[in-house]
Amino acid sequence: MKRKKNGEMTFIQKVIRYRVLLLMCLPAIVFFFLFNYVPLPGIYVAFVKYNYRDGIFGSKFVGLQNFEFLASSGKLLTLTRNTILYNIAFILLGNFLAVFVAILLNEMRSKWFKKVSQTLMFLPYFISQVLVGILVFNLLNYDTGFVNGILTSLGLERWQPYADPKVWPVLLVVIYLWQQTGYNSVVYFASIMGIDGEMMEAAKVDGANGFQRIRYIILPSLKPTIVILLLFALGGIVKGNFGLFYNIVGTNPILYETTDIIETYVYRATMTDFNFMTASAVGLYQSIVGFVIVMVVNYIVKKIEPDYSLF
Amino acid sequence: MKKKLLAVLLAATMVVGLAACGGGSDSSTSDSTPTEDTSSSDDASATDDAATDDAAATDDSAAGDDTTASSDDPWADVDTSEHVKIVYMTTGDAPSGDKLANYEAVMEQLNAILTEKVNAELETNFISWTDYLSNYNLTLARMDGTVDLVGTASDWLDAWPNSKNGAFLELSEDMLKTYAPQTWATVPAENWELCKYNGEIYLIPEDNYAQWTNHGYIYRLDWAREAGLADGVHSWEDLTTYWKYVREAYPDITPWDSDGTHYAQMVSGWIGSHSTFVPIDGINAGAMWGGTKEDLYTVYSPYVTETDSLVEYAKMMKEWDEIGVWKTDVLNNTASTNRDDFKIGKTAADQHHTQTWTGLCSPKDPSNKIYEDDPDAEVGFFYFGEETKNVVALSITHGAMAISAGSANPERALMVYDLLRNDPDCYKLFNYGIEGVSWEMNEEGLRQQPEGYTDEKAGMVTNFWWGRNDDLEIKSAQTNWDAVDKLYAEYDGIKIEYPYGQFVPEVDSIQAKIQNINEIHTNYMKQISFGKYSGTAEEIVAEYQQKLKDAGIDDVTAELQAQFDALYK
């Protein structure tokens, strides 16, 4: 094989050389191509008055009319704010807690205890949001709820969370953390495992105690992982967790002030008239905002620490 | 460094990917929950009951036999040499187990007849109640010939939006005359007019089947008597008395275990009972626009104009909430089984329509355990509009059949429909099942369940609510006809026909406003109808009406008026 100057290979040569690696990537490439790139032209449906018989590209072009309902509701700002604030809370607290738990798991000496606690924390992730919604309702409802049962038997006054919008930001974040932390900590736990054992040994020999080892070795080694996971999460910051909100808050308008996110609002507004166009319009809005946020954050990260940026 | 980063990145991608998938499936299951509730509480599943309970009598047989026996083969000239499969799409859960076996046996017999007469066989595409409207519309949107016959409805299955979307085939008069001759002959010309959009017929109406789906409260008449209401509940104030009594006399019972989805029916019921408002179907779920009995074609929205009445309503609902008519967290109560509880005497009321009541008031229906447990039990019905004699008959397109525009064999589909609707053998098979297995005639010529019948074994699932025909109906022996006929006669004395059958609103230009109005109406009416608002009744109503105005309700009214003027003047 002929090589170009300074050992660079041609494209074909690279393909042949890395064929095994490429083959391993293939499923993912095909997946993203099929499900993320092929349907892209379908975005056009957000700009037409869709007619089944004429198809997406034969339907009448109506410009931004499909965006009108979201804009004219006067709620776009509140909804976007709620969605973003909840997601920030989820991302920051979620990652913080996940790192914390991963470190704790790493420090545990009893293997048995480590496995049991990991499994217990992992379990809630596999409970369907629908069931979580039912569990929460049975814990918190006014007439027959578990919490209120305890309160009354202690002679205290009943608590009515389903009529109090203020408590829900806290409740929702707690429920989210309960469900996700065990799962999220796995990635961090794995990268702690990947830290060079010699470094730890050396630190021990030099007399670093447990806290110092965490502060000066584990945390800095986790930094790239944290940054990347944060960047990934930020891309979806305008996309709300529909399952969580819908199943737990339901369609109780008393609580909307603090719990209504873009997804739940759109679901309610378009459920009655099965509107592809408006739904796509909202999806497009979310994607664009998400895209802008990722680009900006990535740019900032690149300025500060080029190694950690995504691209 | 780079390599390790890459590894972490890979791991992260996997987790993100997994999380994304997990999230996706979660939300799809959650989608289903709410609609399930709605279906159990609105017209859809009520029609479920309606299917088994036949409607009022007609003097039938002679006329029926004439039309069905008119000619040997109306399709002698039609080329049916190729055997085709016609798929019929209906709302309803697909059968399983014994029910499936029974369904297959029925279809085998039916298909033998269909093959002989029109060389076609029928298959059913069930749209299950979970998330039915979305699945229904999605199936239609496929347009690949998956379905031919489509059961539809202008008020609860988006018949007009789908006609406009191009989902349904235009049915020319020639087509109908040639391929559905009996149906064409029995549906009067003025009824075909009501099935037209832009001059084209899209729907075949179920216009020869008497049923009432006007809403009201179903309650225990015997308990109302105990409460001092000697001849039952006849007004909203009577209901208040009734609730109070039930709460005191039967403290273990939740008078009405609502799931929080009845807000729109309640407030429109209140308005019907306190005015002569006649709402227009098919604009939004709340049916917030309409005319009055005296002046049908001047559009207004009582939700904006009837301030005093709404304030009174808000106050009464607050009172009901304080009485404890429903559970405290009614707006999050998704686990209610109110109707089943009513049948066993664990709740005292249900809010639904007349058809549902005809089932619940019948002691011979074995699922109504109350009559076994309590020989005095009686079930009454307070219909909305009783005070002002404001009752509107059902639109003939509450059930209708359409042909999918993607159908490969629309002609044969029409022929099959013509048989299902008009041929006595096909009709009985398709609606009631096999005689002797799913039903039998008693001495009085009424339809009853054979011995050993259970719904699990031989219940019918075809849900043919798009072409029932009183000429061929056999009345059910189970229904309490004395009570039902009495109420139907009362309705017939005061009813007006649905006046806006010909009006198909063009909402493209006002769609965004209607969506926002829907949202406001839902949010405020949930709070008002279940007495969950804070502040005074006057304040909440004023706030609600201001929001409606800000969302442009007056523009919508004006636009509808313009369309009315174009149509009716």
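Scroll up to find the structure this text is about.
Owing to the predicted nature of the structure, the values given are computational and were not obtained by experimental measurement.

Asker: Even after reading the chapter, I still don't get the sheet that holds strand E11 (residues 379–383) of chain B, so can you show me in this structure?
Answerer: Think of a sheet as strands paired side by side through backbone hydrogen bonds, with each pair either parallel or antiparallel. All names here are of chain B. Sheet architecture is open: 3 strands sit in the order E10-E7-E11, paired in antiparallel fashion. With one partner strand each, in any of the chains shown, strand E10 (349–353) and E11 form the two edges of the open sheet. For this sheet the average axis-to-axis angle between neighbouring strands, irrespective of direction, equals 30°.

Asker: Help me understand the pattern of salt bridges in this model?
Answerer: Opposite charge on two side chains permits pairing when their charged atoms draw close. For the structure on display, the rule yields 25 salt bridges over all chains. With a closest N to O distance of 2.7 Å, B:Arg339 and B:Asp350 form a salt bridge. Here B:Arg339, found in helix H15 (residues 338–343), pairs with B:Asp350, found in strand E10; they are 11 residues apart in sequence, far enough to count as distant. Using a relative accessible area of 4% as the deciding quantity, one classes B:Asp350 as buried. Residues participating in the shared-partner salt-bridge network are A:Lys75, A:Asp260, A:Arg268 and B:Glu519.

Asker: What's the story with the pairing of strand E2 (residues 120–127) of chain B in this structure? I'm lost.
Answerer: Residue and element names in this part refer to chain B. Two strands pair when backbone bridges link them, and strand E1 (residues 84–91) and E2 are joined in this way by 8 bridges, in the parallel orientation. In the strand pairing of E2, Ile 86 is matched with Leu 122. In this region the chain leaves E1, passes through helix H4 (residues 97–118) and returns to the parallel neighbour E2; the handedness of that crossover is right-handed.

Asker: Help me understand the packing of aromatic side chains, please; the structure alone is not making it clear to me.
Answerer: Two aromatic rings, taken as a pair, are described by how far apart their centres are and by the angle between their planes. Evaluation of the coordinates by the stated rule reveals 70 aromatic pairs over all chains. Note on A:Tyr162 and A:Trp168: the rings are 5.2 Å apart at their centroids and 50° apart in plane angle, and the pair reads as tilted. Across this residue pair, the class does not change: A:Tyr162 and A:Trp168 are buried. Measuring from centroid to centroid gives 5.5 Å for B:Phe277 and B:Tyr300, while their planes differ by 90°, and the two rings are edge-to-face. Taken together, the residues B:Phe277 in strand E8 (residues 277–279) and B:Tyr300 in the loop between strand E9 (290–292) and helix H13 (302–305) connect sequence positions 23 residues apart. The pair formed by B:Phe277 and B:Tyr300 is uniform in burial state, with each residue classed as buried. Over the aromatic face of A:Tyr142 sits the side chain of A:Arg158, whose NZ or CZ is 5.5 Å from the ring centroid.

Asker: Whenever I open this one, the packing of helix H7 (residues 129–140) of chain A against helix H8 (residues 146–153) of chain A confuses me. Can you help?
Answerer: A packed helix pair is summarised by two numbers, namely the angle formed by the two axes and the spacing between the axes. Residues and elements named next belong to chain A. At their nearest, the axes of H7 and H8 sit 4 Å apart, and the two run at 15° to each other. Our classification of the angle between H7 and H8 gives roughly parallel. Residues Asn 138, Leu 139 and Leu 140 of H7 form the contact with H8, whose own contacting residues are Phe 146, Val 147 and Asn 148. Tallied by class, residues from the contact of H7 with H8 come to 4 nonpolar, 2 polar and no charged.

Asker: Just checking my understanding: could you explain the packing of helix H6 (residues 111–122) of chain A against helix H9 (residues 168–193) of chain A for this structure?
Answerer: Residue and element names in this part refer to chain A. Between H6 and H9, the least distance of the axes is 7 Å, while the angle of their chain directions is 130°. The angle between H6 and H9 falls in the class oblique. Residue-level inspection shows Lys 114, Gln 118, Met 121 and Phe 122 of H6 in contact with H9, the latter providing Gly 182, Tyr 183, Val 186 and Phe 189. Of the residues in the contact of H6 with H9, the class split is 5 nonpolar, 2 polar and 1 charged.

Asker: Before we go on, may I ask you to explain the side chain of B:Asn165 in this structure?
Answerer: Inspection of the secondary structure puts B:Asn165 in helix H6 (residues 159–165). Non-local contacts of B:Asn165, meaning those with residues more than four positions away in its chain, are made with A:Lys49, A:Tyr50, A:Asn51, A:Tyr52 and A:Arg53.

Asker: Where do I start with the sheet that holds strand E6 (residues 204–205) of chain B in this structure?
Answerer: Residues and elements named next belong to chain B. In spatial order, the strands read E2-E1-E3-E12-E6; together these 5 strands make up an open sheet with mixed pairing. Looking along the sheet, the strands with just one partner apiece sit at the ends: E2 and E6. Packing against the sheet, helix H5 (residues 132–142) makes contact with E1, E2 and strand E3 (149–152), and its axis sits at approximately 135° to E2.

Asker: When you look at unusual backbone geometry in this model, what are you seeing that I'm missing?
Answerer: Negative phi characterises most residues that are not glycine, and trans characterises most peptide bonds. Residues and elements named next belong to chain B. Despite not being glycine, Asn 119 shows a phi value in the positive range, around 50°. Tracing the backbone shows Asn 119 in the loop between H4 and E2. Judged by relative accessible area, which is 17%, Asn 119 ranks as buried. Although it is not a glycine, Asn 198 adopts a positive phi angle of roughly 55°.

Procedures and definitions
Residues numbered from 1 in each chain as written. Chains lettered and ligands numbered in written order. Predicted model: local features only at pLDDT ≥ 70, side-chain atom pairs only at ≥ 80, totals over all residues. Heavy atoms only, no water. Pairing = 2+ DSSP bridges. Helix = DSSP H or I, 4+ residues; strand = E, 2+ residues; numbered from the N terminus. Axes fitted to C-alpha atoms, helices over the stretch in contact; angles between N-to-C directions. Salt bridge = Lys/Arg side-chain N within 4 Å of Asp/Glu carboxyl O. Buried < 20%, exposed > 50% of the residue type's maximum accessible area, 1.4 Å probe, protein only. Right-handed = clockwise from strand over helix to strand, strands pointing away. Phe/Tyr/Trp six-rings, centres within 6.5 Å; stacked < 30°, edge-to-face > 60°. Lys NZ or Arg CZ within 6 Å of the ring centre and 35° of its normal. Parallel < 35°, antiparallel > 145°, perpendicular 65-115°, else oblique. Contact = heavy atoms within 4.5 Å. Nonpolar A, V, L, I, M, F, W, Y, C, P; charged D, E, K, R; others polar.

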